[in-house]
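Observations on chain architecture
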Amino acid sequence: MKFCIENFGCQMNDHDTEKMVHLLLSKGMERIQDVNRADIVIVNTCCIREKAEQKFYSLMGRLRKIKRKKGTILGVTGCIAQQEKDGIGEKLPFIDFSLGPSSIHRLGEAVDCAIAGERHLFDFSNNGCIDSLLIKPGTRRGKIKAYITIMKGCNNFCSYCVVPYVRGREVSRNSSDILQEIENLALLGVKEVTLLGQNVNSYNKARDDLPFPDLLRCINDIDSIERIRFITSHPKDMSLELIECFGSLSKLCESIHLPFQAGSDRILKLMNRGYTIEEYRKKISLLRERCRDIAITADCIVGFPGESEEDFAGTLNLVEDIRFDGLFSFAYSPRKNTVAATLPGSIPREIALERLAHLQKIQKAITLEHNRAMEGKITEVLVEDWSKNSKEEVTGRTRTNKIVNFKGSSGMLGGFIDVEIVKGYANSLKGEVRKPIGGHTC
Ligand code: 5AD
Ligand code: SF4
């Protein structure tokens, strides 16, 4: 049978999709990209903002038509499945199964039921269950980068966020299991690992197992893993010990994603973020003291209920002072069950979008300045693939997580190459290899 998975959302969802692909391939099925030719279509969903939900429902409308013609089996997984629980069966009466993010280990069972003509909307009560964390996506030899889920869920209940409701409370995976998985990946040739979790820096906070900085130290000791990254971190859990890891662990890349969400203490309080702007700024200065060239990216929301022009000016100030390498900014979107959805002072959509455009314009110029400042510098690139834009160019990333495209050869794929940056663009860098072989290839 042929299956197709349509994926929406964050890296956790990307990784869950990798795991589901592995589960179905090991049942002897074939993965294809065309929903029209598939026997089974699975949609892995996201509900972090309304737009993601709308995209899902319009895709389901199209899939319903395909199902009418061809009898395609349709499954829904991910956060919308968890949010809607059994209600999804009424909203989308034509689907064959649904599974929340904590139940994806039961995908095979769900598919078998659907093939046998039974509808299966799974029990969604097992949000604390760790089984889905333990599935390892099959890794082909020669894969260069891999994600590893180290924890799931979130206990923070930021007032705007649906994640604690759909991904459940924090659960950390045993360090021994994580280290074993990374050792196996290293044997298969993986060079870069990204540790994943909604709140990675609170890994093992409430358990008698390795704290996060110690986990990083152990991974740093694994031969042939050359780069370590992690996403996403919460500023309040960014401990001094973790900050010390930057610059002292040779494989920990000089890059961090540290969402600040708002530049005003009043809004941060309403958001239930648990830190002040001063504390956030302090952590950024410590990170920069520790590791001068660290690239810093963040998330932020504009148009949160009650956000005044003055509050928004605080966000602009922070962005101009810190000069992030990149910023993911969003207009606030009210979400079901969340406290923020009940707050007074909703901001008209056109004002929120105006503020967003203003912020994005400022950030775009800063990102471009950062990228132009790289011109003339030699930097190590882990080459990942051929570039999509040119047949002669390969593409990879710097340790600071910037994309570099440069003229290269197939022998460079999977290797570390020293590249001179010749041009900085808005979203990438152009490089040139000055020496035939630089850095260390493998
Ligand atoms: N509205 C807008 N943006 C949101 N985010 C999370 N919830 C919402 C919401 N209700 C943003 C935050 C978070 C990122 C993944 O999505 O900035 O860090
Ligand atoms: Fe959502 Fe806040 Fe948890 Fe991040 S820390 S997942 S924004 S509740």
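Attention in this report is confined to the structure presented alongside it. (Residues numbered from 1 in each chain as written. Chains lettered and ligands numbered in written order. Predicted model: local features only at pLDDT ≥ 70, side-chain atom pairs only at ≥ 80, totals over all residues. Heavy atoms only, no water.)

**Side note on the site of ligand 1**
Neighbouring ligand 1 are the residues Ile-48, Arg-49, Tyr-160, Gln-261, Asp-299, Ile-301, Phe-330, Ala-331, Tyr-332, Ser-333 and Arg-335. Within the backbone of Ser-333, one N or O atom sits 2.8 Å away from a nitrogen atom of ligand 1. Considered on its own, ligand 1 offers 400 Å² of accessible surface; in the complex 87% of this is hidden by protein. Mapped onto the shell around ligand 1, the elements with two or more residues apiece are β13 (295–302) and β14 (326–331). (Near = heavy atom within 4 Å. Polar contact = N/O pair within 3.5 Å; in protein donor to acceptor, adjacent residues only side chain to side chain. Areas by Shrake-Rupley, 256 points an atom, 1.4 Å probe, with all protein chains shown as cover. Helix = DSSP H or I, 4+ residues; strand = E, 2+ residues; numbered from the N terminus.)

**A look at the layout of surface pockets**
The space that makes up the second largest pocket amounts to roughly 450 Å³. The wall of the second largest pocket is formed by 18 residues, among which Asp-293, Met-374, Lys-377, Thr-400 and Lys-402 lie closest to the centre. Listing elements by their share of the lining of the second largest pocket, those giving two or more residues are α14 (349–373) and β15 (378–386). The biggest single contributor to the lining of the second largest pocket is β15, with 3 residues. A per-class count over the lining of the second largest pocket returns 5 nonpolar, 4 polar and 9 charged. When residues of the lining of the second largest pocket are assigned to domains, at least three map to each of domain 2 (145–372) and domain 3 (378–433). (1 Å grid on protein atoms, 1.4 Å probe; cavity = no way out; pocket = protein on both sides within 12 Å on 5 of 7 lines; lining within 4 Å. Points joined across faces, edges and corners; volume = space filled by probe spheres on them. Nonpolar A, V, L, I, M, F, W, Y, C, P; charged D, E, K, R; others polar. Domains from an automatic or database assignment.)

**Some words on the pairing of strand β4 (residues 73–78)**
Where burial is concerned, most of β4 is hidden: 6 out of the 6 residues are buried. Two strands pair when backbone bridges link them, and strand β3 (residues 40–45) and β4 are joined in this way by 6 bridges, in the parallel orientation. Among the inter-strand pairings, Val-41 is bridged to a residue of β4, identified as Leu-74. Each parallel crossover has a hand, and for β3 linked through helix α2 (residues 50–70) to β4 it is right-handed. Looking at chain direction, β4 and strand β5 (residues 97–99) are connected through 3 bridges and run parallel. Among the inter-strand pairings, Val-76 is bridged to a residue of β5, identified as Ser-98. (Buried < 20%, exposed > 50% of the residue type's maximum accessible area, 1.4 Å probe, protein only. Pairing = 2+ DSSP bridges. Right-handed = clockwise from strand over helix to strand, strands pointing away.)

**Some thoughts on the site of ligand 2**
Lining the immediate surroundings of ligand 2 are Cys-154, Asn-156, Phe-157, Cys-158, Tyr-160, Cys-161, Val-163, Pro-164, His-234 and Arg-273. Across the shell around ligand 2, the residue classes break down as 7 nonpolar, 2 polar and 1 charged.

**Re helix α8 (residues 175–187)**
Between its first and last C-alpha, α8 extends 18 Å over 13 residues, near the 18 Å set by a 1.5 Å rise per residue. Summarising the contacts, the buried residues of α8 are in contact with β7 (145–149), β10 (192–196) and α9 (212–220). Of the residues one or two after α8, Gly-189 is the one with positive phi, at around 105 degrees. (Expected span 1.5 Å × (residues − 1). Contact = heavy atoms within 4.5 Å.)

**Observations concerning the packing of helix α13 (residues 309–322) against α14**
When two helices pack together, their arrangement is given by the angle between the helix axes and the distance between those axes. Where α13 contacts α14, the axes come no closer than 10 Å and their chain directions differ by 10 degrees. The angle between the axes of α13 and α14 places the two elements in the roughly parallel class. Taken together, the residues of α14 that come into contact with α13 (itself represented by Glu-309, Phe-312, Thr-315, Leu-316, Val-319 and Glu-320) are Arg-355, His-358, Leu-359, Ile-362, Gln-363 and Ile-366. A breakdown of the residues in the contact of α13 with α14 according to their chemical character gives 6 nonpolar, 3 polar and 3 charged. (Axes fitted to C-alpha atoms, helices over the stretch in contact; angles between N-to-C directions. Parallel < 35°, antiparallel > 145°, perpendicular 65-115°, else oblique.)

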